[in-house]
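Structural features, examined
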Amino acid sequence: MGIADWVSIFMAVIAVATAIVTYAVFRSATDPVVIVYAQPDLQRPSIINLFIENIGRGAAHTITFRTSRPLPHQAFGIQPPEERPETMTSGAIVDGVPFLAPGQRISITWGQYGGLTKYIADEAIRVDAFCYRSQRKGLFAKKLQAASNLDVRMFGGSESAEHGFGPDLVKQLKILNSTMTSIDKRLRERSVPD
């Protein structure tokens, strides 16, 4: 074999490597990525929601989840309750999700800070999401995985944004209470005999 043959073989190897890298970049740009995270509900102060979201650019099929330990279910209580909240036994995390479009997310009312910290304590819960990029079996039905950590301690000491009618209603009730107190005081002053 001469130098020309070696150059041809080298160029063929480079072409194959380039095709593989290009395919890998294409797949990573079009694959689904399913994550699970907690976020305060801006419409309902003190409530923390659990979100399942496809942040990738491809559709996710047959999504299943594996957690490092069971998740709490409806863990309510602003202050930590005396009893530990129940374990999640049904719903999207337990039963899986058949399909999530790119950018689509599912919202689950998860609980409040006290109830969630009572259950989760000091150790975050790891959630592994498994999904397929295609419904069909074969080369394009590769199983993908993404990991998330759920920890509500980051919300300790934070305030919910004032959205919705709740904070405005409280302000109006305080104003009404102040006005009623003032009227009551004036009526008492007038009813005192000389």
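Residues numbered from 1 in each chain as written. Predicted model: local features only at pLDDT ≥ 70, side-chain atom pairs only at ≥ 80, totals over all residues. Heavy atoms only, no water.

Time to look at the environment of valine 127. Its location among the elements puts valine 127 in strand β6 (residues 125-132). Linking valine 127 and isoleucine 35, residues 92 residues apart in sequence, is a C-alpha distance of 8.3 Å. Apart from residues no more than four positions distant in its own chain, valine 127 is found in contact with Val36, Phe65, Arg66, Thr67, Ala146, Ala147, Ser148 and Leu150. (Helix = DSSP H or I, 4+ residues; strand = E, 2+ residues; numbered from the N terminus. Contact = heavy atoms within 4.5 Å.)

Let us look at a nonpolar patch on the surface. A cluster of nonpolar side chains, namely Ile3, Val7, Phe10, Met11 and Ile14, defines an oily patch on the protein surface of about 520 Å² accessible area. The residue phenylalanine 10 is located in helix α1 (residues 3-30) in this model. (Patch = residues over 30% accessible without salt bridge, like charges linked within 9 Å, V, L, I, M, F, W, Y side chains within 5 Å. Areas by Shrake-Rupley, 256 points an atom, 1.4 Å probe, with all protein chains shown as cover. Salt bridge = Lys/Arg side-chain N within 4 Å of Asp/Glu carboxyl O.)

Glancing now at the sheet that holds strand β4 (residues 97-100). Spatial ordering of the open sheet is given by β4-β3-β6-β7, a layout of four strands whose pairing is antiparallel. The open sheet has two edge strands, β4 and β7 (143-150), and neither has a second partner. Each adjacent strand pair in this sheet contributes to an overall mean axis angle of 35 degrees, direction not counted. Pairing between β6 and β7: eight bridges, direction antiparallel. Opposite isoleucine 125, over in β7, you have leucine 150 as the bridge partner. (Pairing = 2+ DSSP bridges. Axes fitted to C-alpha atoms, helices over the stretch in contact; angles between N-to-C directions.)

With that settled, the discussion passes to the side chain of serine 148. Within the fold, serine 148 resides in strand β7. What serine 148 contacts, discounting residues up to four positions off in sequence, is Ile35, Val36, Ile125, Arg126 and Val127.

For the structure on display, the rule yields one aromatic pair. With a centroid separation of 5.3 Å and an interplanar angle of 25 degrees, the aromatic rings of tyrosine 37 and phenylalanine 51 are classed as stacked. Of the two residues, tyrosine 37 sits in strand β1 (residues 34-40) while phenylalanine 51 sits in strand β2 (residues 47-54), which places them 14 residues apart along the sequence. Accessibility expressed as a relative area gives 18% for tyrosine 37, which makes it buried. One residue, lysine 143, lies across the ring of phenylalanine 130, its end atom 5.2 Å from the ring centre. (Phe/Tyr/Trp six-rings, centres within 6.5 Å; stacked < 30°, edge-to-face > 60°. Buried < 20%, exposed > 50% of the residue type's maximum accessible area, 1.4 Å probe, protein only. Lys NZ or Arg CZ within 6 Å of the ring centre and 35° of its normal.)

On to the side chain of glutamate 53. Counting through the fold element by element, glutamate 53 comes out in strand β2. Here glutamate 53 sits buried without a salt bridge, and the closest side chain of opposite charge, arginine 105, lies 4.4 Å off (N-O distance). Polar contacts involving the side chain of glutamate 53 include one to the side chain of tyrosine 37, which spans 2.6 Å. Those residues in contact with glutamate 53 that sit more than four places away from it in its chain are Val33, Val34, Ile35, Tyr37, Leu100, Gly103, Gln104 and Arg105. (Lys, Arg positive; Asp, Glu negative; His and termini not counted. Polar contact = N/O pair within 3.5 Å; in protein donor to acceptor, adjacent residues only side chain to side chain.)

We now examine the nonpolar core. One finds Val34, Leu50, Ile52, Phe65, Ile93 and Trp110 to be the most contacted residues of the largest nonpolar core, which totals 29 residues. Considering each element in turn, this core owes the most residues, four residues, to β6. Those residues in contact with valine 34, other than ones at most four positions away along the chain, are Ile52, Glu53, Asn54, Ala60, Ile63, Phe65, Leu100, Ala129, Cys131 and Ala146. (Core = buried A, V, L, I, M, F, W, Y, C linked by side-chain atoms within 4.5 Å.)

Once that is clear, we can look at the pairing of β2. Counting buried residues along β2, eight of its eight residues qualify, which places the element largely inside the surrounding structure. Here β2 shows no split at all, with Ile47, Asn49, Phe51 and Glu53 on one side and Ile48, Leu50, Ile52 and Asn54 on the other all buried. Examined bridge by bridge, β1 and β2 share seven bridges and lie antiparallel to one another. Residue pairing for β2: proline 40 is matched across the bridge by isoleucine 48. Connecting β1 to the next strand, β2, in antiparallel fashion are six residues, including serine 46 with a positive phi near 80 degrees. Both β2 and strand β5 (residues 105-112) contribute to a ladder of seven bridges, which runs antiparallel. Paired with phenylalanine 51 across the two strands is serine 107, which belongs to β5.

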